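Next come the chains, spelled out residue by residue.
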Amino acid sequence: GADDLSRIKGLGPKLQALLPTLGITTFAQIAAWTEEDLARIDPQLGPFAGRPARDNWIEQAKYLAAGDVAGFEDKFGKV
């Protein structure tokens, strides 16, 4: 099933609605992004381009995909 992507800091309701249209529904997918993936996806985010890198989505998603809420909160604040 899909994850609650809004748990990623900097990923608001508009992006939460947009990402599934791009086939992105889980923390694991974002956690596995490479620089090439980011370069391909970023332009598709329209006015939100740059957000994944600026807000460290990949690093955040790695914690959340692993279920490491404590590690996430130590680094990024409350979920």
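All figures in this text were calculated on a predicted structure; none of them were measured in a lab.

Caption draft 1: Spatial organisation of the nonpolar core. Among the nonpolar cores identified, the biggest contains 19 residues, and Ile8, Leu11, Leu19, Ile30, Trp33 and Trp57 are the most heavily contacted of them. Counting residues per element, the ones that place at least two in this core are helix 1 (13–21), helix 2 (27–31), helix 3 (35–41), helix 5 (57–65) and helix 6 (69–76). Ranked by residue count, the leading element in this core is helix 5, at 4 residues.

Caption draft 2: Layout of the pattern of salt bridges. Considering all chains together, one arrives at 4 salt bridges under this definition. As a salt-bridge pair, Lys75 and Glu59 come within 2.7 Å of each other at their nearest N and O atoms. Remark: Glu59 occurs in helix 5 and Lys75 occurs in helix 6; sequence separation between them is 16 residues. Residue Lys75 is classed as partly exposed on the basis of its relative accessible area, which comes to 48%.

Caption draft 3: Broad picture of the packing of aromatic side chains. Counted under the stated rule, the structure contains 3 aromatic pairs. Taken together, a centroid distance of 6.4 Å and an interplanar angle of 35° make the contact between Trp33 and Trp57 tilted. With a gap of 24 residues between them, Trp33 in the loop between helix 2 and helix 3 and Trp57 in helix 5 connect regions that are remote in the sequence. In this structure, Trp33 and Trp57 share a single accessibility class: buried. Measuring from centroid to centroid gives 5.3 Å for Phe72 and Phe76, while their planes differ by 40°, and the two rings are tilted. Taken as a pair, Phe72 and Phe76 lie in helix 6 at a separation of 4 residues, close to a single helical turn. The same class applies to Phe72 as to Phe76, namely buried.

Caption draft 4: Quick peek at unusual backbone geometry. Despite not being glycine, Asn56 shows a phi value in the positive range, around 55°. Tracing the backbone through its elements, the reader meets Asn56 in the loop between helix 4 (51–54) and helix 5.

Caption draft 5: The packing of helix 5 against helix 6, seen in detail. Remark: helix 5 packs on helix 6, axes separated minimally by 7 Å, with the N-to-C direction vectors making an angle of 150°. The pairing of helix 5 with helix 6 is recorded here as roughly antiparallel in orientation. The hand of the helix 5/helix 6 crossing is left-handed. Of helix 6, the residues touching helix 5 (which contributes Glu59, Gln60, Tyr63 and Leu64) are Gly71, Phe72, Lys75 and Phe76. Here the contact of helix 5 with helix 6 is composed, by residue class, of 4 nonpolar, 2 polar and 2 charged.

Calculation criteria
Residue positions are given per chain, counted from 1 along the sequence in the order it is written. Residues qualify for local features only when their pLDDT is at least 70, as the model is predicted, and side-chain atom pairs are given and counted only at 80 or more; totals for whole chains, interfaces and linings, by contrast, use all residues. To get the side-chain values, all heavy atoms of the structure are used, and hydrogens and water are removed first. Residues enter a nonpolar core if they are buried and are Ala, Val, Leu, Ile, Met, Phe, Trp, Tyr or Cys, with the set joined through side-chain atoms within 4.5 Å. Think of it in three bands: with a 1.4 Å probe and only protein chains considered, a residue is buried below 20% of the maximum accessible area for its type, exposed above 50%, and partly exposed in between. We count a stretch as a helix when DSSP gives it H or I for four or more residues in a row; a strand needs E for two or more, and each element gets its number in order from the N terminus. We define a salt bridge as a side-chain nitrogen of Lys or Arg found within 4 Å of a carboxyl oxygen belonging to Asp or Glu. Aromatic contacts are taken between Phe, Tyr and Trp rings whose centres are within 6.5 Å, Trp giving its six-membered ring; a plane angle under 30 degrees counts as stacked, one over 60 as edge-to-face, and the others as tilted. In this analysis an axis means a line fitted to C-alpha atoms, helices contributing only their contacting stretch, and an angle means the value between N-to-C directions, from 0 to 180 degrees. For this classification, under 35 degrees means roughly parallel, over 145 means roughly antiparallel, 65 to 115 means roughly perpendicular, and everything else is oblique. For a crossing to be left-handed, the near helix must be turned anticlockwise from the far one by less than a right angle; the clockwise case is right-handed. Two residues form a contact once any of their heavy atoms are found within 4.5 Å. Gly falls in the polar group here, along with every residue not listed as nonpolar (Ala, Val, Leu, Ile, Met, Phe, Trp, Tyr, Cys, Pro) or charged (Asp, Glu, Lys, Arg).

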